[in-house]
Amino acid sequence: KSISQGSLGEIADTIPPMMNAIRMVWVISRHYNTDERMVPLMERIALELAEHVAVELDVKHVFRMEPVEAKKRISAAQNVLERWKETYFKVRSKIEESQRDQRWEFDRKRLFDRTDYMVQCCNDIHKVAQVLEDFYNILGPELKAVTGDSQGIDDVLRRVDALVVPLEQVPFDIFDRRFQASWEAVMHRFNDDVGQIEEATKTFINESFKKLRSAEGAFDLLQKFKHIKTRDSINKQMMDKFSDILGRYKEEVQLVKQLFEENRKDPPTFKNQPPVAGAIAWSKALFFRIKKSIIRFQTYEDMMAGDEGQLVTKYYVFVGRMVREFENGLFESWKARVEDAVVQYLKSPILAEDPDDHVIHVNFSRDLQAVIREARYLDRMGLPVPENALNVALQEEKYNAYAESLKVMLSHYHTVIRSLTPAEEQLLHHKLKDLEATIRFGFDPLNWNSLAIKEYLERCTKHINEFSTMLKQVQMSSSNIESVVVAIMNANLVDPGQLNGKEPMDMQEFYEIIDRKRTAAVEGLLYKYRTIKEQMGKIEGIVAGTDTNRSPAMQHYYAHWEKLIFKALTLCVYSALDQFGVYLNIARKSASQAHSPIVRVTASLSAPDIVLSPAKTDIKKLFSKMVKNTVESTKSFHRWMRGTCLECAPQYVNGDEDEAVIFSFYSDISEDPNVMKRMFTLDQAVEKAFDSMTVFLDKWKRYSTLWKHDKHSMLDKFVKSNPTYVDYESKLSYYKKMKAQVKNDRPMTDIDFIQVSCHPLIQDL
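Residues numbered from 1 in each chain as written. Predicted model: local features only at pLDDT ≥ 70, side-chain atom pairs only at ≥ 80, totals over all residues. Heavy atoms only, no water.

**Looking at the overall build of the protein**
Now for step 1: Scanning the protein from N- to C-terminus turns up 31 helices and six strands.
Now for step 2: Burial analysis of the protein (765 residues in total) assigns 42% to the buried set.
Now for step 3: Expressed as a percentage of contacts within the protein between residues at least 6 apart in sequence, the contacts between residues at least 24 apart total 75%.
Now for step 4: A total accessible area of about 42,700 Å² is found for the protein, and carbon and sulfur atoms account for 50% of it. (Helix = DSSP H or I, 4+ residues; strand = E, 2+ residues; numbered from the N terminus. Buried < 20%, exposed > 50% of the residue type's maximum accessible area, 1.4 Å probe, protein only. Contact = heavy atoms within 4.5 Å. Areas by Shrake-Rupley, 256 points an atom, 1.4 Å probe, with all protein chains shown as cover.)

**What to know about the packing of helix α3 (residues 35–56) against helix α6 (residues 108–138)**
Now for step 1: Orientation of α3 relative to α6, taken along the N-to-C sense of each, is 15°, at an axis distance of 8 Å. Relative to α6, the element α3 lies roughly parallel. Every pair of crossing elements has a handedness; the one defined by α3 and α6 is left-handed. On α6, the residues touching Val39, Pro40, Met42, Glu43, Ala46, Leu47, Ala50, Glu51, Val53 and Ala54 of α3 are Arg110, Leu111, Arg114, Thr115 and Met118.
Now for step 2: Classifying every residue of the contact of α3 with α6 gives 10 nonpolar, one polar and four charged. (Axes fitted to C-alpha atoms, helices over the stretch in contact; angles between N-to-C directions. Parallel < 35°, antiparallel > 145°, perpendicular 65-115°, else oblique. Left-handed = near helix turned anticlockwise from the far one by under 90°. Nonpolar A, V, L, I, M, F, W, Y, C, P; charged D, E, K, R; others polar.)

**Concerning the nonpolar core**
Generally speaking, soluble globular proteins have nonpolar side chains that are buried together.
Now for step 1: Within the largest apolar cluster, 114 residues are counted, with the highest numbers of intra-cluster contacts made by Trp334, Ile439, Trp448, Met536 and Phe580.
Now for step 2: Broken down by element, this core gets its largest block of residues, 14 residues, from helix α23 (residues 507–543).
Now for step 3: Ranked by size, the runner-up nonpolar core spans 64 residues in total, among them Val59, Trp104, Cys121 and Ala129. (Core = buried A, V, L, I, M, F, W, Y, C linked by side-chain atoms within 4.5 Å.)

**Observations regarding unusual backbone geometry**
Now for step 1: Each neighbour pair has its own omega, and for Asp444 with Pro445 the value is 20°, a cis peptide bond.
Now for step 2: With respect to the element layout, Pro445 can be found in the loop between α21 (429–439) and α22 (453–490).
Now for step 3: A positive phi is found at His358, a non-glycine position, where the angle reads about 60°.
Now for step 4: Residue classification places His358 among the exposed residues on the basis of a relative accessible area of 52%.
Now for step 5: The phi torsion at Asn549 lies on the positive side, around 60°, for a residue other than glycine.

What follows is the structure, given as structure tokens:
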């Protein structure tokens, strides 16, 4: 079972114990103790071994494996075949030495002819795998990297891959001795093809080494091929390429020299590197490119000992001196500049003020930062940096921490200052001066050599935080005051939605609704208005430390808010008067935008006139009173005494008997041109509606004959005239027609903000 199904390794391990078992059978068995019986048994074993090896070494598959793996399999198969013969002779020798058992004098041709031939074939197959490995070793990525001719190497590799195609396509069993001549012919052709590919590879290498991409890479490749098994002729040729490498290296030195001369006035530097250190690092990098290679070359003494090697070495030294002189010149020039400059930089104040916008900023010189960076990089390169520059560089973290802390402190300061409104700026004028005095300590006497920078930062931060806390408290109270001002400005003394969906009402009812709403709104606003005094007291306590509501330090602040309250009341009155205009349809653009009538009047007959209820004079009087009351609502808001937030008390000019004089916002608001214009516009709108109503009522006077003459006198007169039936019919027809006309007239008519009801008039007619 192991021989027929096991692996090659298992078969090789099975052969010795199997051969010993055969010996035991030979000695003990009465059946297999003759040559005629034992030879066929061992021949079948040999055949099974041969068949198994033939399957494992199928040339259609074995050459598609990696050469190393293929060689392992071929060696394992060859080992099985050789062990079969070797083990046989060992057991035979033991039998002869024992001199007890019958000797093995079997037909060796029957037992070993095929396996011996297969061993020869295995040697040939192993040679093919070795050839493939040799070519793959030389034609690998390393040679591509050095020569740069991937296409040429791939072409040669395709020819190498094609070597095994004839072997894979043979139309016979290569392990059959009958086809030995054919197999030898195939191998002869294989050897010829290998020779041709060797010549092609050598030619390719010759051409490629004339245009090397990298001298160091080529040198590494040659060093590597010393230890890599490849074709002997190719390996010998590779070892003769050191001259080409020196030629390529000289070109590389010339290229470095050219790059150096082209860019020495403006050297390219790495990102974030300072100019001087960057330029020196660039020149060192250029020099290292050629230095690294020549150090490698010097490990191979024969390569540099010749004339060509000596010339290349001299040229390398010449370029190296050029680079070294450039680096020394740059460093000495920088060193001369910075020794005195560092002292001046450190003596400059830690803060400065922009001359254009007067914004305070950190005065950490960019030149000093550049010196620190240069010193740090140059010190890493091992150059002798001046002591004062090196000391500054060693304290870079401290200076950067100070600069960053100063930026944070100033950012907080500027944020607080920008949050001030003009009124708050004037209110906190003295506090701002004290804060600015603390900040300006950074202009003089502090500089970057000072030991008190940390204490200065703590003092400034504390002062800014105290000012910020005070400002937030002021802004909190001012926000409460502002909410009152906004409430006054947005208040609806005349609610725009108050009459939506309601039927027209009596003028007196309309007046009462509007006045009730206005009174309630004014009372609510007045309550809020009087809370301003409390908020002002809090601000006074924060700023001045008093609670008098008449602090001299807050006079301008009182005036600021009083102006805003005046503007808010004025806008509130504007809004209320404009809402009256909406009710009167003053600003409507189309009939669809008109407000529905709000007042209802009734037209009735009071011979000889048509009268309205209520009368136009009553409507005009109530409407004017509503408008006037709206403006006079501001009388409730008393003005503040000068320099305080205390309301002015009523003043009696001639004693308590006279009416008190109240100083309120009304006197100024009532004289506002826009208020007066709106009141005038409303008055005109009312008059216009009355005129339209008069025209409408005049149309009913075409029926005046019905009420101007005495009906009884006219009837008696008609009877005395002895009228005929036709006359009666004519009169009845006339009045019947007039009655129909009266009934067809509209009983309800909308005229702007008034709805006229003619039902009583029609009934009277």
